[in-house]
Amino acid sequence: DTGVSQNPRHKITKRGQNVTFRCDPISEHNRLYWYRQTLGQGPEFLTYFQNEAQLEKSRLLSDRFSAERPKGSFSTLEIQRTEQGDSAMYLCASSWRQRTGASSYNEQFFGPGTRLTVL
Amino acid sequence: GIQVEQSPPDLILQEGANSTLRCNFSDSVNNLQWFHQNPWGQLINLFYIPSGTKQNGRLSATTVATERYSLLYISSSQTTDSGVYFCAVLTQGGSEKLVFGKGTKLTVNP
């Protein structure tokens, strides 16, 4: 399977615990994105990496959230001191941006997500 | 920031019917994608269509960037088409984030 993979698929934790999710992008993709989706809503952007550099962060990414992408390969998203409001689906996406003249191609492909439940 | 509105929010069809889903956006965009989210939560890429028209089997999409809308057509719908359809845009100005609409929930009954 050459798609985006995420682990674990499901995580149940108690309030106050730390959790870490992993995302493995499509191998040739240099961009990696994290999104969060709550029930009945579309996904919302959290952060993105170009190779190992974290280039953009949403204000949704509070100081309890940290993301890394060491060596520009897989990425981890850690949530410290989880709260019930953190319960959501966490989605990872990757892309390979190409420039052709004045335009660019940047199609994002999503993984299956990690569903977090905070009790 | 940019606003993305999808309509209708809910759509119920009988198998074999055709439908049109609409996505309006409030500013110029560099990219527009349509996704189908299946019952397990997986987002499946349908179209990458910043402008123009594309077709893939029973599905086709048209984006009129100058008028800031996109349409997704589903013909001869099947029960497996059920799920939520999302439109997402990449704004101009250098940001790499996709901004999603709230989706259209499609139910196709046998």
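Before any of the text, the structure's been laid out above.
What this report covers is the structure whose coordinates are included nearby. This one's a predicted model, so the numbers in the text were calculated from it and none came from an experiment.

The secondary structure content of chain A amounts to zero helices and 13 strands. Going from N to C terminus, chain A has its helices and strands arranged as β-β-β-β-β-β-β-β-β-β-β-β-β. Against the globule reference of 14 Å for 119 residues, chain A gives a C-alpha radius of gyration of 14 Å, in line with a compact fold. When its C-alpha atoms are laid out on the principal axes, chain A stretches across 50 × 30 × 30 Å. Burial statistics for chain A: of 119 residues in total, 47% are counted as buried. For chain A, long-range pairs separated by at least 24 residues make up 55% of all intrachain contacts whose partners lie at least 6 apart in sequence. About 6200 Å² of surface is accessible on chain A, with carbon and sulfur atoms providing 45% of the total. Of the charged side chains in chain A, 16 are positive and 12 negative; the average position of the first set lies 3 Å away from that of the second.

Residues and elements named next belong to chain B. Pairing is antiparallel in the open sheet, where five strands are placed in the order β1-β3-β8-β7-β6. Two strands lie at the open edges of the sheet, namely β1 (4-7) and β6 (52-56), each paired on one side alone. Taking each pair of neighbouring strands and ignoring which way they run, the sheet shows an average axis angle of 15°. Note: β1 against strand β3 (residues 19-25), four bridges, orientation antiparallel. Looking at β3, one finds that V4 is bridged to F25.

Further remarks concern the pairing of strand β5 (residues 43-48) of chain B. Residue and element names in this part refer to chain B. Taken together, the five bridges between strand β4 (residues 29-37) and β5 define a ladder with antiparallel strand orientation. By the bridge assignment for β5, H36 is matched with I44. The hairpin formed by β4 and β5 contains five residues between the paired strands, and G41 there has a positive phi angle of roughly 95°.

Here the focus is the nonpolar core. The biggest cluster of nonpolar side chains holds 23 residues, and the ones touching the most others in it are F25(B), W34(B), L72(B) and V89(B). Secondary structure elements with two or more residues in this core: β2 (10-14), β3, β4, β5, β7 (59-64), β8 (69-74), β9 (83-91) and β11 (104-109) of chain B. Those residues within four positions of F25(B) in sequence are excluded, and the remaining contacts are I2(B), Q3(B), V4(B), L32(B), T63(B), A65(B), R68(B), Y69(B), S70(B) and V89(B). Judged by nonpolar contacts, the second largest core, of 19 residues, contains F21(A), W34(A), A67(A) and I79(A).

The rules behind each value
- Residues numbered from 1 in each chain as written.
- Chains lettered and ligands numbered in written order.
- Predicted model: local features only at pLDDT ≥ 70, side-chain atom pairs only at ≥ 80, totals over all residues.
- Heavy atoms only, no water.
- Helix = DSSP H or I, 4+ residues; strand = E, 2+ residues; numbered from the N terminus.
- Rg over C-alpha atoms; globule rule 2.2 N^0.38 Å.
- Buried < 20%, exposed > 50% of the residue type's maximum accessible area, 1.4 Å probe, protein only.
- Contact = heavy atoms within 4.5 Å.
- Areas by Shrake-Rupley, 256 points an atom, 1.4 Å probe, with all protein chains shown as cover.
- Lys, Arg positive; Asp, Glu negative; His and termini not counted.
- Charge placed at Lys NZ, Arg CZ, Asp CG, Glu CD.
- Pairing = 2+ DSSP bridges.
- Axes fitted to C-alpha atoms, helices over the stretch in contact; angles between N-to-C directions.
- Core = buried A, V, L, I, M, F, W, Y, C linked by side-chain atoms within 4.5 Å.

Purely spatial values, then, with no claim about function.
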